[in-house]
Amino acid sequence: MVGITNRAFRTLLAELGPPDYAFTEMASAEAFVANAQFEEFYTDPRPSAQATSIQFYARSASIIGKACAKISSRSEETRPRGIDINFGCSAPHIRRAGGGSAWSSNPEGAAELVSLARQEWNGILSAKIRIGSVDDYQALLMFTSRLVESGLDFISFHPRMDDQKFRRKPLYDVFGRLANDCSIPLVANGDIKDQAGILELLNSKGAYAAMIGREAVRRPWIFGYIRSEMNGSLKKEPIDRYAIALRYVDLVVEMLPRPWHMESCRRFFSYYCETFSFAHHIQYRLVNSDSLDSMRDELRDYFNQVPADRFINPHFGARL
Ligand SMILES: Cc1cc2nc3c(=O)[nH]c(=O)nc-3n(C[C@H](O)[C@H](O)[C@H](O)COP(=O)(O)O)c2cc1C
């Protein structure tokens, strides 16, 4: 997730109970190949390079081979397990530039892009897709089949259309149909928040795995929590949301370039604070803070004023 799933955030997850697998935020293949400023930070797979894919978006097929070759030549510490190609981002500026979900209307170009990536990358190769601009299952199946033939190992599928906002539900019937027709594993994504949701997708919709986005920012302990729920070792220890907030700020300072500090915290806290009792109040205060110290002060004041929000049941905040 852009501006959020950077190394600092993924380290926070690792400390609280990591996901089985993670993805970096999407990086521009063009900018990465051109050695633009900060690209090494966008594409930093640590702390768990062997369980992380770097995600690229590209405006042309040819650039992706160069980006993959550059990643292949990295030393072990910063070479990821996988590379993921974004065919799913529907943000207008990305689509206008010909990246993300704009590729869904050009299956041959997208297939060429995957082939070129495959030629230069021996690790896991995956793609992220959406339904596309129209609800046309045959077009979706054809697009997906061309990607599969070109060498993908798995696909993550967020079954919303390009213009479908988060308030409308993902179309999991379309997901189930594609999982049935697709010859490689399909990872489900969209509005997944708890064990029940994951099991439903695995058992009834043919999902190979479940990908959690926003809920992992609201509850960064979610992966450890669900894992212990699944293996029966759940401890009902309260979560200290204040300590986690401060830890995140420290990780940002330690791991991200200085010009990213404020924005990384603002983006993280805009989701992290969504389930607080006075969410708008604290979000407003944090977004308008002018330094990390003043963010720390705002958090301290908030938890002093609303102590019941600090130590919470780890399941708290799940929208069931
Ligand atoms: C702030 C934000 C940034 C995102 N950035 C990316 C991205 O870089 N790459 C990507 O594939 N999807 C991105 N997405 C989409 C998410 O990966 C995911 O498909 C979507 O949020 C639905 O999953 P969720 O309900 O678990 O959040 C982003 C979503 C949000 C809200």
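(A) Spatial organisation of the overall build of the protein. Each helix and strand counted, the protein has 15 helices and 9 strands in total. For a compact globule of 320 residues, the expected C-alpha radius of gyration is about 20 Å, and the protein comes in at 20 Å, within 12% of that figure. Expressed along its principal axes, the backbone C-alpha trace of the protein runs to roughly 60 × 45 × 35 Å. Classification of the 320 residues of the protein by burial places 55% in the buried group. For the protein, the share of sequence-separated contacts (at least 6 apart) that also reach a separation of at least 24 residues comes to 72%. When the accessible surface of the protein is summed, it comes to about 14500 Å², and 50% of that surface belongs to carbon and sulfur atoms. In the protein, which carries 39 positive and 38 negative side-chain charges, the distance between the mean positions of the two groups comes to 2 Å.

(B) Spatial organisation of the pairing of strand β1 (residues 22-28). Most of β1 sits inside the fold, with 7 of its 7 residues counted as buried. Judged from the 5 bridges that link them, β1 and strand β2 (residues 52-57) form a sheet pairing that is parallel. Residue A22 lies in a different strand from β2, and its bridge partner there is T52.

(C) Geometry of the sheet that holds strand β4 (residues 124-132). Ordered in space as β1-β2-β3-β4-β5-β6-β7, the 7 strands form an open sheet in which the pairing is parallel. Since the sheet does not close on itself, it has two edges, and those belong to β1 and β7 (209-211), each with one partner. Strand-to-strand twist in this sheet, taken as the mean axis angle between neighbours without regard to direction, amounts to 30°. As judged from the 4 bridges shared by β2 and strand β3 (residues 82-87), these two strands associate in the parallel manner. Within the sheet, the bridge partner assigned to Q55 lies in β3 and is D84. The strands touched by helix α4 (residues 61-72) are β2 and β3; relative to β2, the strand with the most contacts, the crossing angle is about 155°.

(D) Structural view of the site of the ligand. Taken together, 15 residues sit near the ligand, with Q55, N189, D191, G213 and R214 positioned nearest. Between the ligand and N189, the relevant distance is 2.5 Å, taken from an oxygen atom to a side-chain nitrogen or oxygen of the residue. Here an oxygen atom of the ligand and a backbone polar atom of G213 are 2.8 Å apart. Relative to its unbound accessible surface of 610 Å², the ligand loses 85% to contact with the protein. Split by residue class, the shell around the ligand holds 6 nonpolar, 6 polar and 3 charged.

(E) Structural context of the side chain of R241. One can find R241 in helix α12 (residues 241-255). A polar contact is formed between the side chain of R241 and the side chain of T275, at a distance of 3.1 Å.

(F) Molecular detail of α12. Compared with the 21 Å implied by 1.5 Å per residue over 15 residues, the 21 Å span of α12 between its first and last C-alpha is a close match. Along α12, the residues classified as buried are R241, Y242, I244, A245, Y248, V249, L251, V252 and M255. On its buried face, α12 is in contact with α1 (7-16), α3 (39-42), β8 (239-240), α13 (261-272), α15 (292-305) and β9 (311-312). You can read the cap of α12 off the contacts: a side-chain oxygen lies 3.1 Å from the backbone nitrogen of Y242, and it is on D240.

Definitions and limits used
Residues numbered from 1 in each chain as written. Predicted model: local features only at pLDDT ≥ 70, side-chain atom pairs only at ≥ 80, totals over all residues. Heavy atoms only, no water. Helix = DSSP H or I, 4+ residues; strand = E, 2+ residues; numbered from the N terminus. Rg over C-alpha atoms; globule rule 2.2 N^0.38 Å. Buried < 20%, exposed > 50% of the residue type's maximum accessible area, 1.4 Å probe, protein only. Contact = heavy atoms within 4.5 Å. Areas by Shrake-Rupley, 256 points an atom, 1.4 Å probe, with all protein chains shown as cover. Lys, Arg positive; Asp, Glu negative; His and termini not counted. Charge placed at Lys NZ, Arg CZ, Asp CG, Glu CD. Pairing = 2+ DSSP bridges. Axes fitted to C-alpha atoms, helices over the stretch in contact; angles between N-to-C directions. Near = heavy atom within 4 Å. Polar contact = N/O pair within 3.5 Å; in protein donor to acceptor, adjacent residues only side chain to side chain. Nonpolar A, V, L, I, M, F, W, Y, C, P; charged D, E, K, R; others polar. Expected span 1.5 Å × (residues − 1).

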